[in-house]
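These are the residues of each chain, in order.
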Amino acid sequence: RRAGFTILELVISSAMVLLILGLSLAMFLSAVRALRAGERRSSVQRSALLLIQRLRQEVGCAYRDSLRLESQELTFLSDRGNDGSLRFSPTGQRLWLRWLRIGWLDSGKVVVSEWSIPNPTCPPHLSPPGATANGWNHRTISNDVERLNFQTDAQGSLHLQLATAREGLRYEVNTVLPMPLDGG
(Lines give C-alpha, C1' and ligand atoms only; values in the text may rest on other atoms or scores of the structure.)
Protein backbone atom coordinates (compact mmCIF):
# COMPACT_ATOMS: atom_id res chain seq x y z
CA ARG A 1 0.00 0.00 0.00
CA ARG A 2 1.22 3.50 -0.82
CA ALA A 3 1.41 6.41 1.62
CA GLY A 4 -1.38 8.99 1.36
CA PHE A 5 -5.12 9.28 1.71
CA THR A 6 -7.79 7.52 -0.21
CA ILE A 7 -10.55 9.43 -1.92
CA LEU A 8 -13.03 8.17 0.66
CA GLU A 9 -10.88 9.52 3.51
CA LEU A 10 -10.56 12.90 1.76
CA VAL A 11 -14.31 13.11 1.17
CA ILE A 12 -15.10 12.23 4.79
CA SER A 13 -12.52 14.65 6.23
CA SER A 14 -13.71 17.44 3.88
CA ALA A 15 -17.31 16.83 4.93
CA MET A 16 -16.31 16.99 8.60
CA VAL A 17 -14.40 20.27 8.07
CA LEU A 18 -17.36 21.76 6.19
CA LEU A 19 -19.75 20.64 8.93
CA ILE A 20 -17.59 22.24 11.63
CA LEU A 21 -17.25 25.45 9.59
CA GLY A 22 -21.00 25.53 8.95
CA LEU A 23 -21.82 25.07 12.63
CA SER A 24 -19.28 27.77 13.58
CA LEU A 25 -20.76 30.18 11.04
CA ALA A 26 -24.31 29.47 12.25
CA MET A 27 -23.29 30.15 15.87
CA PHE A 28 -21.50 33.36 14.85
CA LEU A 29 -24.50 34.64 12.85
CA SER A 30 -26.84 33.79 15.71
CA ALA A 31 -24.64 35.77 18.12
CA VAL A 32 -24.57 38.76 15.73
CA ARG A 33 -28.41 38.69 15.41
CA ALA A 34 -28.78 38.55 19.20
CA LEU A 35 -26.36 41.45 19.60
CA ARG A 36 -28.26 43.57 17.06
CA ALA A 37 -31.61 42.76 18.68
CA GLY A 38 -30.17 43.76 22.07
CA GLU A 39 -28.89 47.02 20.61
CA ARG A 40 -32.31 47.82 19.09
CA ARG A 41 -34.06 46.99 22.37
CA SER A 42 -31.57 49.15 24.26
CA SER A 43 -32.09 52.01 21.80
CA VAL A 44 -35.88 51.92 22.25
CA GLN A 45 -35.51 51.85 26.05
CA ARG A 46 -32.93 54.64 26.03
CA SER A 47 -35.21 56.79 23.86
CA ALA A 48 -38.12 56.30 26.28
CA LEU A 49 -35.99 56.98 29.36
CA LEU A 50 -34.51 60.14 27.85
CA LEU A 51 -38.01 61.39 27.07
CA ILE A 52 -39.11 60.68 30.66
CA GLN A 53 -36.05 62.48 32.00
CA ARG A 54 -36.86 65.49 29.83
CA LEU A 55 -40.50 65.50 31.00
CA ARG A 56 -39.39 65.19 34.65
CA GLN A 57 -37.16 68.24 34.26
CA GLU A 58 -39.86 70.33 32.63
CA VAL A 59 -42.70 69.33 34.97
CA GLY A 60 -40.43 69.69 37.99
CA CYS A 61 -40.24 73.43 37.21
CA ALA A 62 -44.00 73.86 36.87
CA TYR A 63 -46.20 76.13 38.94
CA ARG A 64 -48.57 73.69 40.65
CA ASP A 65 -51.70 75.85 40.36
CA SER A 66 -51.13 76.30 36.62
CA LEU A 67 -51.35 72.61 35.66
CA ARG A 68 -53.98 71.93 33.01
CA LEU A 69 -54.34 68.26 32.31
CA GLU A 70 -55.91 66.38 29.46
CA SER A 71 -55.11 62.71 28.88
CA GLN A 72 -52.55 63.33 26.14
CA GLU A 73 -51.62 66.92 26.88
CA LEU A 74 -50.22 68.81 29.85
CA THR A 75 -50.04 72.61 30.02
CA PHE A 76 -48.26 74.52 32.79
CA LEU A 77 -46.21 77.58 33.74
CA SER A 78 -42.45 77.15 34.00
CA ASP A 79 -39.98 79.28 35.91
CA ARG A 80 -37.07 78.22 33.69
CA GLY A 81 -35.92 80.02 30.58
CA ASN A 82 -34.87 78.14 27.46
CA ASP A 83 -31.34 78.06 28.82
CA GLY A 84 -32.48 76.66 32.19
CA SER A 85 -32.00 79.97 33.97
CA LEU A 86 -34.22 81.42 36.70
CA ARG A 87 -35.21 85.07 37.05
CA PHE A 88 -36.28 86.82 40.23
CA SER A 89 -38.26 89.97 41.02
CA PRO A 90 -36.58 92.82 42.95
CA THR A 91 -38.20 91.38 46.09
CA GLY A 92 -36.63 87.95 45.46
CA GLN A 93 -39.71 86.12 44.19
CA ARG A 94 -39.40 83.70 41.30
CA LEU A 95 -40.69 85.02 38.00
CA TRP A 96 -42.72 82.66 35.82
CA LEU A 97 -41.23 82.93 32.35
CA ARG A 98 -43.18 80.74 29.94
CA TRP A 99 -46.15 78.49 29.34
CA LEU A 100 -45.32 74.96 28.19
CA ARG A 101 -47.67 72.51 26.56
CA ILE A 102 -46.51 68.91 26.18
CA GLY A 103 -48.68 66.86 23.87
CA TRP A 104 -48.76 63.62 21.94
CA LEU A 105 -49.85 63.48 18.31
CA ASP A 106 -51.35 60.42 16.61
CA SER A 107 -48.34 60.44 14.28
CA GLY A 108 -46.19 59.29 17.23
CA LYS A 109 -44.61 62.66 17.92
CA VAL A 110 -44.31 64.29 21.32
CA VAL A 111 -44.33 68.05 20.86
CA VAL A 112 -43.42 70.75 23.35
CA SER A 113 -45.09 74.07 22.62
CA GLU A 114 -43.72 77.12 24.37
CA TRP A 115 -45.19 80.58 24.83
CA SER A 116 -42.81 83.07 26.43
CA ILE A 117 -44.42 85.56 28.79
CA PRO A 118 -43.44 89.05 27.58
CA ASN A 119 -43.43 90.66 31.06
CA PRO A 120 -43.01 87.89 33.66
CA THR A 121 -44.62 88.59 37.02
CA CYS A 122 -45.06 86.90 40.36
CA PRO A 123 -47.63 85.69 41.14
CA PRO A 124 -48.22 84.51 37.60
CA HIS A 125 -51.24 84.99 35.40
CA LEU A 126 -52.90 81.55 35.57
CA SER A 127 -54.71 81.42 32.25
CA PRO A 128 -52.67 79.97 29.39
CA PRO A 129 -53.00 81.59 25.98
CA GLY A 130 -55.23 79.72 23.57
CA ALA A 131 -53.68 77.09 21.33
CA THR A 132 -54.16 79.32 18.30
CA ALA A 133 -52.69 82.45 19.93
CA ASN A 134 -49.68 84.00 18.25
CA GLY A 135 -46.36 83.36 19.93
CA TRP A 136 -46.44 79.59 20.43
CA ASN A 137 -43.21 77.90 19.33
CA HIS A 138 -43.36 74.16 18.72
CA ARG A 139 -40.57 71.59 18.78
CA THR A 140 -40.67 67.82 18.47
CA ILE A 141 -38.84 66.01 21.25
CA SER A 142 -39.64 62.41 20.24
CA ASN A 143 -40.86 60.67 17.09
CA ASP A 144 -41.58 57.10 18.12
CA VAL A 145 -44.17 57.33 20.91
CA GLU A 146 -47.10 54.98 20.58
CA ARG A 147 -48.97 56.30 23.63
CA LEU A 148 -48.51 59.17 26.12
CA ASN A 149 -51.06 59.71 28.90
CA PHE A 150 -50.98 62.00 31.92
CA GLN A 151 -53.17 61.30 34.97
CA THR A 152 -53.45 62.50 38.55
CA ASP A 153 -54.35 60.37 41.54
CA ALA A 154 -56.27 61.19 44.73
CA GLN A 155 -53.10 62.56 46.37
CA GLY A 156 -52.48 64.89 43.42
CA SER A 157 -49.47 62.99 42.10
CA LEU A 158 -48.88 63.26 38.37
CA HIS A 159 -48.58 59.89 36.61
CA LEU A 160 -47.17 59.31 33.15
CA GLN A 161 -47.89 56.31 30.94
CA LEU A 162 -45.56 56.03 27.98
CA ALA A 163 -45.21 53.42 25.26
CA THR A 164 -42.57 53.64 22.55
CA ALA A 165 -42.25 51.43 19.51
CA ARG A 166 -39.61 51.16 16.82
CA GLU A 167 -38.59 48.41 14.43
CA GLY A 168 -41.15 46.01 15.88
CA LEU A 169 -39.94 46.53 19.47
CA ARG A 170 -42.18 48.02 22.14
CA TYR A 171 -41.28 49.50 25.53
CA GLU A 172 -43.80 50.66 28.15
CA VAL A 173 -43.21 52.79 31.24
CA ASN A 174 -45.53 53.89 34.03
CA THR A 175 -43.96 56.44 36.36
CA VAL A 176 -44.77 59.27 38.74
CA LEU A 177 -43.45 62.70 37.75
CA PRO A 178 -42.11 65.01 40.46
CA MET A 179 -44.57 67.31 42.15
CA PRO A 180 -44.36 70.81 40.72
CA LEU A 181 -43.47 73.93 42.65
CA ASP A 182 -46.08 75.79 44.65
CA GLY A 183 -45.14 79.30 43.59
CA GLY A 184 -43.49 82.33 45.18
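Remember, predicted model here, so these are calculated numbers, not experimental data.

Draft legend 1. How the structure looks around the overall build of the protein chain. Within the protein chain, the secondary structure is distributed over one helix and eight strands. Taken from N to C terminus, the helices and strands of the protein chain fall in the order α-β-β-β-β-β-β-β-β. C-alpha extents for the protein chain along the principal axes are approximately 110 × 35 × 30 Å. Across the 184 residues of the protein chain, 34% fall into the buried class. Counting only contacts in the protein chain whose residues sit at least 6 apart along the sequence, the fraction spanning at least 24 positions is 55%. Just so you have it, the protein chain exposes about 11,400 Å², and 56% of that area is on carbon and sulfur atoms. Distance from the positive charge centre (21 side chains) to the negative charge centre (16 side chains) of the protein chain: 8 Å.

Draft legend 2. How the structure looks around the side chain of threonine 164. For threonine 164, the location among the structural elements is in strand E7 (residues 158–166). Contact partners of threonine 164, with chain neighbours within four places excluded, come to Val44, Ala48, Asp144, Val145, Glu146, Leu169, Arg170 and Tyr171.

Draft legend 3. Representation of the sheet that holds strand E4 (residues 110–116) in the model. Spatial ordering of the open sheet is given by E1-E2-E3-E4-E5, a layout of five strands whose pairing is antiparallel. A strand with exactly one partner marks an edge of an open sheet, and here the two such strands are strand E1 (68–70) and strand E5 (137–142). Geometrically, the sheet is characterised by an average inter-axis angle of 20 degrees between neighbouring strands, direction not taken into account. Note that E4 and E5 share five bridges and pair antiparallel. Its bridge partner being in E5, valine 110 is matched across the sheet by serine 142. Of the strands in this sheet, strand E2 (73–78), strand E3 (98–104), E4 and E5 touch helix H1 (residues 7–60), which is tilted by about 140 degrees from E5.

Draft legend 4. Representation of the pairing of E3. The element E3 is largely enclosed, with a buried count of seven among its seven residues. Neither face of E3 is left uncovered, since the one carrying Arg98, Leu100, Ile102 and Trp104 and the one carrying Trp99, Arg101 and Gly103 both have all their residues buried. Bridge count between E2 and E3: six bridges; the pairing is antiparallel. By the bridge assignment, glutamate 73 is partnered in E3 with glycine 103. By the bridge criterion, seven bridges tie E3 to E4 in an arrangement that is antiparallel. The residue bridging glycine 103 from the neighbouring strand is valine 111, located in E4. The hairpin formed by E3 and E4 contains five residues between the paired strands, and glycine 108 there has a positive phi angle of roughly 95 degrees.

Quick notes on the rules
Residues numbered from 1 in each chain as written. Predicted model: local features only at pLDDT ≥ 70, side-chain atom pairs only at ≥ 80, totals over all residues. Heavy atoms only, no water. Helix = DSSP H or I, 4+ residues; strand = E, 2+ residues; numbered from the N terminus. Buried < 20%, exposed > 50% of the residue type's maximum accessible area, 1.4 Å probe, protein only. Contact = heavy atoms within 4.5 Å. Areas by Shrake-Rupley, 256 points an atom, 1.4 Å probe, with all protein chains shown as cover. Lys, Arg positive; Asp, Glu negative; His and termini not counted. Charge placed at Lys NZ, Arg CZ, Asp CG, Glu CD. Pairing = 2+ DSSP bridges. Axes fitted to C-alpha atoms, helices over the stretch in contact; angles between N-to-C directions.

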